[in-house]
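Read off the chains here:
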Amino acid sequence: MSEVVNTANSNNEDTNGIALMQFPKEVLSRLQPDLVLQRHLQLGLRPTTLMKFNEFRNVEEQSNDSLIVNHSTASQDQDNTNSNNSGDLIVANNLLKVGNMFIKTDLSLGITAVETGNIDEESFAPIWPEVTVDRGRMGAPTDEEMIASRQLYENIISGKYIKQKSLIISKIGKKHLESEEVSYEMADDEDNDELLLENKNKWCFVIYAKINVYSREGPIFDHVFNSLMLALQKSRFPSVYIEESSIDLQISSKKSFNKKQKQETKRTFNMKFDFDACNKLNLNSDIAISSNFGVIYKDPTMAINALDEQESNEEEDAMAIEKENADFKKEPILINDISTDIEEQAILSKVSIACNSKNYKSIKLMNGSNNEKISVQQLKQALKFSKMRYEDLKPTI
């Protein structure tokens, strides 16, 4: 340790005998993110990416239909060939690349009983998301993952994207035992059709979203929301049927311990997905694209210190410059698309805006401190940039 100090004293020692310490930029960005960001602001650039303040990262949708295995195989065998690791059948997916970050979204379905009398025209369905930021660790979900999942759940409901009635299963088919064909038109002379009529409009789909984030860069909520919207836009829901052979099952039962078992016939209603007859999900509203912005105030003293180090080391000149610029006001800067850890840590005032071609779906604003609040003018600029961002990503969506 002493050798390191002596070396630093010999190489970086000023006239007062004070040793100067130097850090690599990677270390300094973690120790003093505010200082690193302020120095870059003086140059008109952003750290690491060297983007301008009003620039966004490049977004590419790399999803394709080949990621989903042939639906006919899944409909016949009902195996996991068209499923994720948890065994859920995937009906839509999306792979979004934002800068160096990848976001993978898988939509799967479930079925639950519902009381149609309690559903009105203004009831909107949620999506049950699970956001995971892959960092090579195991354990309970982090606060960031739980907050992002909760915000996605609330935004889907408040955005009124999916009507609850559009998820109700209004038609249930039947797979015949002899022909192995699925028929969705019920005949009046068949006894089994009574069971289908009894269960009509009593079941509805439930949508689950599994979202994985790889190579995280900056806040994740806006980008996982966009990936979820793109997957939801191209989702196709399968038809539902039951097998004729499974309607009446022989089940062994006994009423007491001493009595022998006897066979009883019990009616069952085991539903299966038919991916050969898929229907596109009708959204109640156009999908939205979310963007994030941050406001930080450029400190004029950073420029003074840099000028003082380069041109003069005299204390009187530095004091004169500082006095002359004592009344300088900090200049607010609006930064689009917070994309690095340095920006995320240093910028405390943030706003997230989701919009489509018609209106704004959500605006989430957070002021970090009283001295660096987001003004009305900066909010107007953010609203304008969010609309431009939506128009820019239109060819992608």
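Structure report, in brief. Because the structure is predicted, anything quoted here is derived from the model rather than measured.

What follows is about the pattern of salt bridges. Considering all chains together, one arrives at 13 salt bridges under this definition. Between Lys234 and Glu61 there is a salt bridge, with the nearest N and O atoms lying 3.9 Å from each other. Residue Lys234 is found in the loop between helix H7 (221-233) and strand S8 (236-243), and its partner Glu61 is found in strand S1 (residues 59-61); the two are separated by 173 residues along the sequence. Ionic pairing is found between Glu344 and Arg216, a salt bridge with its closest N-O pair at 2.7 Å. Of the two residues, Glu344 sits in helix H10 (residues 341-346) while Arg216 sits in the loop between strand S7 (203-214) and H7, which places them 128 residues apart along the sequence. What makes Arg216 partly exposed here is its relative accessible area of 22%.

Moving on, we come to the pairing of strand S15 (residues 360-366). Here six bridges tie strand S14 (residues 349-355) to S15, and the two strands are oriented antiparallel to one another. The residue of S15 that forms the bridge with Ile353 is Ile363. Hairpin remark: S14 followed by S15, antiparallel, with four residues in the connecting loop.

Here we take up H7. With 13 residues, H7 should cover 18 Å at 1.5 Å per step; its first-to-last C-alpha distance of 18 Å lies within 8% of that length. Most of H7 sits out of view: 12 of its 13 residues are buried. All of the buried residues along H7 are Phe221, Asp222, His223, Val224, Phe225, Asn226, Ser227, Leu228, Met229, Leu230, Ala231 and Leu232.

It is worth spelling out the sheet that holds S7 at this point. One open sheet accounts for five strands, arranged S1-S2-S3-S7-S4; its pairing is mixed. Of all the strands in the sheet, the pair left with one neighbour each is S1 and strand S4 (128-133). Strand-to-strand, the axes of this sheet are offset by a mean angle of 20 degrees, without reference to chain direction. Judged from the six bridges that link them, S4 and S7 form a sheet pairing that is parallel. Note on S7: the bridge partner recorded for Pro129 is Ala209.

This next bit is on the sheet that holds strand S13 (residues 331-336). Overall, antiparallel pairing links the four strands, which are arranged S13-S12-S14-S15 in an open sheet. Both edges of this open sheet fall to S13 and S15, since each of them pairs with a single strand only. On average, each strand axis in the sheet is inclined to that of its neighbour by 20 degrees, with strand direction left out of account. Note that strand S12 (residues 289-298) and S14 share seven bridges and pair antiparallel. Bridge pairing in S14 places Gly294 opposite Lys350.

What follows covers the side chain of Gln378. Its place among the elements puts Gln378 in helix H11 (residues 376-392). Owing to a relative accessible area of 8%, Gln378 belongs among the buried residues under this scheme. A polar contact of 3.1 Å, which involves the side chain of Gln378, links it to the backbone nitrogen of Ser375. Apart from residues lying up to four places away in sequence, Gln378 is in contact with Val295, Tyr297, Pro332, Leu334 and Lys373.

Next up on the list: the nonpolar core. In this structure, Leu107, Ile162 and Ile207 are the most contacted members of the largest nonpolar core, which totals 50 residues. Element by element, the count of residues in this core is highest for H7, at eight residues. Apart from the residues within four sequence positions on either side, Leu107 is in contact with Leu89, Ile90, Val91, Ala92, Ile207, Tyr208, Ala209, Leu228, Ala231, Leu232 and Ser235. Membership of the second largest hydrophobic core comes to 11 residues, among which are Val36, Ile335, Ile342 and Ala346.

Right, let's get into the environment of Ile220. Tracing the backbone through its elements, the reader meets Ile220 in the loop between S7 and H7. Ile220 sits 87 residues away from Val133 along the chain, and the two C-alpha atoms are 8.9 Å apart. Residues in contact with Ile220, not counting those within four places in the same chain, are Val131, Val133, Glu144, Ala148 and Val213.

Rules behind the numbers
- Residues numbered from 1 in each chain as written.
- Predicted model: local features only at pLDDT ≥ 70, side-chain atom pairs only at ≥ 80, totals over all residues.
- Heavy atoms only, no water.
- Salt bridge = Lys/Arg side-chain N within 4 Å of Asp/Glu carboxyl O.
- Helix = DSSP H or I, 4+ residues; strand = E, 2+ residues; numbered from the N terminus.
- Buried < 20%, exposed > 50% of the residue type's maximum accessible area, 1.4 Å probe, protein only.
- Pairing = 2+ DSSP bridges.
- Expected span 1.5 Å × (residues − 1).
- Axes fitted to C-alpha atoms, helices over the stretch in contact; angles between N-to-C directions.
- Polar contact = N/O pair within 3.5 Å; in protein donor to acceptor, adjacent residues only side chain to side chain.
- Contact = heavy atoms within 4.5 Å.
- Core = buried A, V, L, I, M, F, W, Y, C linked by side-chain atoms within 4.5 Å.

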